[in-house]
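Structural features, examined
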Amino acid sequence: MAQPGHNMHSTMDAVMMSSNMSHHTSPEPMSGHEMGTNGHDQGMMMPMMKMYFHCGYDDTILFKGWKPSTEGAFVGACFAVFVFAVLYEGLKVLREQLLKKYSVSVGTGTKTFHNSYSSETMVAETYSTVQPRMLSGPHFLQTFLHIIQVLVSYLLMLIFMTFNVWLGLSVVLGAGVGYFLFGWKKAIVIDINEHCH
């Protein structure tokens, strides 16, 4: 039969041992299997993505093949991202304009209002808006444009998430210029279709 003090001493030894193991600070080298490499390129390590804001032009932009290798190519990539963000803002306004165009206003009658303090009479026409049906051409077009809008918004978000200052500025400035060019046509200030930024 074990003594009560012996069990407590064993438990304390186990706690101390696990504590010492968790404070082990010297990292052991990882094998190629642990690093996520395959058998063909065990000696090569994949470059890590910088998870902080930085400058430079050595980032991959969305696709493996879109990695500018010169400063001039990077400036061109920033300009392309800027135009992409401008067009994204234009797409949002286009969707709103098409929604207004395909919403049908139907006159339902007139109402007469009499002012009791004066002899003025106001006549107002009343309208009701009929939304398009689910299985209609305008709704299919809106659905397709919505898919494009969601795709573009996530692509712009991923570009911003490279944490490259210049690419991030290209996204933000493009969105600002796009809003300046197209946003004045919007009737509603609050955008319920916003997804990522």
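Residues numbered from 1 in each chain as written. Predicted model: local features only at pLDDT ≥ 70, side-chain atom pairs only at ≥ 80, totals over all residues. Heavy atoms only, no water.

1. Comments concerning the packing of helix α3 (residues 71-102) against helix α5 (residues 165-182)
At a closest axis distance of 7 Å, the pairing of α3 and α5 adopts a crossing angle of 35°. Note that α3 runs across α5; the crossing there is right-handed. Across the interface between the two elements, Phe74, Cys78, Val81, Phe82, Ala85, Val86, Glu89, Gly90 and Val93 of α3 pack against Trp166, Leu167, Ser170, Val171, Leu173, Gly174, Ala175, Val177, Gly178, Tyr179, Leu181 and Phe182 of α5. Looking at side-chain class alone, the contact of α3 with α5 contains 16 nonpolar, four polar and one charged residues. (Axes fitted to C-alpha atoms, helices over the stretch in contact; angles between N-to-C directions. Helix = DSSP H or I, 4+ residues; strand = E, 2+ residues; numbered from the N terminus. Left-handed = near helix turned anticlockwise from the far one by under 90°. Contact = heavy atoms within 4.5 Å. Nonpolar A, V, L, I, M, F, W, Y, C, P; charged D, E, K, R; others polar.)

2. As for the pattern of salt bridges
One pass over the full model with this rule turns up two salt bridges. Glu89 is the salt-bridge partner of Lys92, the closest N and O atoms lying 3.3 Å from each other. Taken together, the residues Lys92 and Glu89, both in helix α3 and three residues apart, mark about one turn of the helix. Assigned by exposure class, Lys92 and Glu89 land together as buried. (Salt bridge = Lys/Arg side-chain N within 4 Å of Asp/Glu carboxyl O. Buried < 20%, exposed > 50% of the residue type's maximum accessible area, 1.4 Å probe, protein only.)

3. Quick notes on the confidence of the model for the protein chain
Chain-level statistics for the protein chain give a pLDDT mean of 73 and a share of 56% at 70 or above. Residue range residues 14-39 is modelled with pLDDT below 50. Its contacts to residues more than four positions away, or to other chains, number eight contacts. (pLDDT = per-residue confidence, 0-100.)

4. Regarding the packing of aromatic side chains
For the structure on display, the rule yields one aromatic pair. On the numbers, 6.4 Å between centres and 25° between planes, the contact of Phe79 with Phe82 is stacked. With Phe79 and Phe82 both in helix α3 and three residues apart, the pair spans about one turn of that helix. You can call Phe79 exposed: its relative accessible area is 54%. Relative accessible area serves as the criterion here: at 24%, Phe82 is assigned to the partly exposed category. (Phe/Tyr/Trp six-rings, centres within 6.5 Å; stacked < 30°, edge-to-face > 60°.)

5. Quick word on the side chain of Ser170
Within the secondary structure layout, Ser170 lies in helix α5. With a relative accessible area of 7%, Ser170 lands in the buried category. A polar contact of 3.3 Å, which involves the side chain of Ser170, links it to the backbone oxygen of Cys78. Excluding anything up to four places from it in sequence, Ser170 contacts Cys78, Val81, Phe82 and Ala85. (Polar contact = N/O pair within 3.5 Å; in protein donor to acceptor, adjacent residues only side chain to side chain.)

6. Topic: the side chain of Gln149
Tracing the backbone shows Gln149 in helix α4 (residues 137-160). At 2.7 Å, the side chain of Gln149 forms a polar contact with the side chain of Arg95.

7. Overview of the nonpolar core
Counting 12 residues, the largest nonpolar core is built from Ile61, Phe74, Ala77, Cys78, Val81, Ala85, Tyr88, Val152, Leu156, Ile159, Leu167 and Val171. Every element with two or more residues in this core is listed here: α3, α4 and α5. Looking at this core, the element that brings in the most residues is α3, giving six residues. (Core = buried A, V, L, I, M, F, W, Y, C linked by side-chain atoms within 4.5 Å.)

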